Amino acid sequence: MSEQAIVAPETDVRGLTDDEIVRKAHRSESRFALIGLSVLVVTMIVLMALIVDFTVDGLGRIDGNFLTSFPSRRPAEAGILSAWVGTSLVMLVTAALAVPLGVGAGLYLEEYARKNWITDLIEINVTNLAGVPSIIYGLLALGLFVQTFKLGQTIFVAGLTLALLILPIIIVATREAVRSIPLEIREAAYGLGADKWQTVSGYILPAARPGILTGAIVGMSRAIGETAPIITIGALTFIAFLPPAPVQTTFPFVNADWLNSPFTVLPIQMFNWISRPQAGFHVNAAATGLILLAMTLLMNGLAIWLRYKIRRGIR
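This one's a predicted model, so the numbers in the text were calculated from it and none came from an experiment.

Draft legend 1. Layout of a positive patch on the surface. A cluster of like positive charges, contributed by R23, K24, R27 and R31, occupies part of the molecular surface. Tracing the backbone through its elements, the reader meets R27 in helix α1 (residues 18–58). Given the relative accessible area of 46%, R27 is considered partly exposed.

Below, the structure written as structure tokens:
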């Protein structure tokens, strides 16, 4: 009669068998997934409640006159023309300043800067700046741009302030996007005889473009709803005129006078109306919030679509 060897299951230092370790890992994964799903559901409920509230209160107020009229002391005649034009121009300046500087700084820190205590200090400060309250940037802009450099309370100063606000976000997003590119792509480019700049511009940057674009749009989505730094530098709460058009019909066809114009933006216009006692202004504020929310969702949707198109082109 042959004796059968009995093999004891392998255990770790805690005395758990392989099956127990796997089951414990599955339970931990299930708990984490449940927590993440719960957070997502709560967030979506809050967002949908906000959208429903704005829609019920303000959707009926949105029409052609509301979009093409200036603010007024009469709620039924008030509009957001100066506010949405100002918001668009400020975002144009913000994107023109923040995106090139942020992408360039991220590429330099990730690909060209030497790894020493100076770059470590810069990385720590860039990461910390991404979490600084926006009012601090407003106070900085007020003291530096408005009072020291005498640039005035203009569209350019507003765009410059918001560019400083979102610059750390774009830098961090650029670095993470570049860092996610496999090392094999760099090695293949060097193997084909490409130098450092050819590798970065021809291979690394195109492959990292979806992540960079996502970071830029996320930063712009934060900037479009900021109120504290804009109020700090002196944005107007009531403005019944438009800045000069950036494009003109006569040579040189480009007009830069709008950069030095006073302005207002949608969040400030919304704040102004919600602080008034008349119910009609509260309806106008809800309509303004709905438009602002739609602009933000549109920007994020555009980022998702562009990221999909770019990734598809890369494949």
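Draft legend 2. Layout of the side chain of T94. Within the fold, T94 resides in helix α3 (residues 81–112). Here V90 takes part through its backbone oxygen, which lies 2.8 Å from a polar atom of the side chain of T94. The residues contacting T94, other than those within four sequence positions of it, are V99, G159, L162, A163, I166 and M220.

Draft legend 3. Inspection of the nonpolar core at higher detail. With 56 residues, the main nonpolar core has V90, I230 and F263 as its most contacted residues. Taken together, the elements giving at least two residues each to this core come down to α3, α5 (134–148), α6 (155–179), α8 (196–224), α10 (266–274) and α11 (279–314). Here this core takes 11 residues from α6, the largest share from any one element. Beyond its immediate stretch of four places on either side in the chain, V90 contacts I155, A158, G159, L162, F263 and V265. Grouped together as the second largest cluster of nonpolar side chains are 5 residues, L109, A113, V126 and I171 included.

Draft legend 4. Just a nonpolar patch on the surface, in detail. Judged by side-chain polarity, L37, L40, V41, M44, I45 and M48 come together as a nonpolar surface patch covering roughly 550 Å² of accessible area. Within the secondary structure, M48 is located in helix α1.

Draft legend 5. Structural view of α8. The end-to-end C-alpha distance of α8 is 36 Å, clearly below the 42 Å that 29 residues give at a rise of 1.5 Å each. Taken as a whole, α8 carries its principal kink of about 55° at R209; the proline P210 stands between one and four residues after it. If you check the start of α8, you find a side-chain oxygen 3.4 Å away from the backbone N of W197, and it comes from D195.

Draft legend 6. Main features of the confidence of the model for the protein chain. In the predicted model, the protein chain carries a mean pLDDT of 85, and 94% of its residues have values of at least 70. Least confident of the elements in the protein chain is α11, whose mean pLDDT is 83; most confident is α6, at 92.

Draft legend 7. A look at the packing of aromatic side chains. Taken as a whole and judged by the stated rule, the model has 1 aromatic pair. Both rings, one in F66 and one in W273, keep their centres 6.2 Å apart while their planes meet at 40°; by these two values the pair is tilted. Placement of F66 in helix α2 (residues 64–68) and of W273 in helix α10 is noted, with a sequence separation of 207 residues between them. Residue F66 is classed as buried on the basis of its relative accessible area of 0%. Across from the ring centre of F238, 5.9 Å away, lies the NZ or CZ of R73, which sits over that ring. The ring of Y112 carries the charged tip of K196 above its face, separated from the ring centre by 5.8 Å.

Draft legend 8. Representation of the environment of K150 in the model. With respect to the helices, strands and loops of the structure, K150 is situated in the loop between α5 and α6. A C-alpha to C-alpha distance of 53 Å links K150 and G191, two positions 41 residues apart in sequence. Within the local environment of K150, its side chain forms a polar contact with the backbone oxygen of Q147, the two atoms lying 3.1 Å apart.

Draft legend 9. Summary view of the packing of helix α7 (residues 183–191) against α8. The interhelical angle for the contact between α7 and α8, taken along N-to-C directions, is 130°, at an axis separation of 10 Å. Our classification of the angle between α7 and α8 gives oblique. Considering only the axes of α7 and α8, their crossing is right-handed. Note on element contacts: α8 touches α7 through K196, T199, Y203 and I204, opposite I185, R186, A189 and Y190. Classifying every residue of the contact of α7 with α8 by side-chain character gives 5 nonpolar, 1 polar and 2 charged.

Rules used in this analysis
- Residues numbered from 1 in each chain as written.
- Predicted model: local features only at pLDDT ≥ 70, side-chain atom pairs only at ≥ 80, totals over all residues.
- Heavy atoms only, no water.
- Patch = residues over 30% accessible without salt bridge, like charges linked within 9 Å, V, L, I, M, F, W, Y side chains within 5 Å.
- Areas by Shrake-Rupley, 256 points an atom, 1.4 Å probe, with all protein chains shown as cover.
- Salt bridge = Lys/Arg side-chain N within 4 Å of Asp/Glu carboxyl O.
- Lys, Arg positive; Asp, Glu negative; His and termini not counted.
- Charge placed at Lys NZ, Arg CZ, Asp CG, Glu CD.
- Helix = DSSP H or I, 4+ residues; strand = E, 2+ residues; numbered from the N terminus.
- Buried < 20%, exposed > 50% of the residue type's maximum accessible area, 1.4 Å probe, protein only.
- Polar contact = N/O pair within 3.5 Å; in protein donor to acceptor, adjacent residues only side chain to side chain.
- Contact = heavy atoms within 4.5 Å.
- Core = buried A, V, L, I, M, F, W, Y, C linked by side-chain atoms within 4.5 Å.
- Expected span 1.5 Å × (residues − 1).
- Bend = angle between axes of the 7 residues up to and from the residue.
- pLDDT = per-residue confidence, 0-100.
- Phe/Tyr/Trp six-rings, centres within 6.5 Å; stacked < 30°, edge-to-face > 60°.
- Lys NZ or Arg CZ within 6 Å of the ring centre and 35° of its normal.
- Axes fitted to C-alpha atoms, helices over the stretch in contact; angles between N-to-C directions.
- Parallel < 35°, antiparallel > 145°, perpendicular 65-115°, else oblique.
- Left-handed = near helix turned anticlockwise from the far one by under 90°.
- Nonpolar A, V, L, I, M, F, W, Y, C, P; charged D, E, K, R; others polar.

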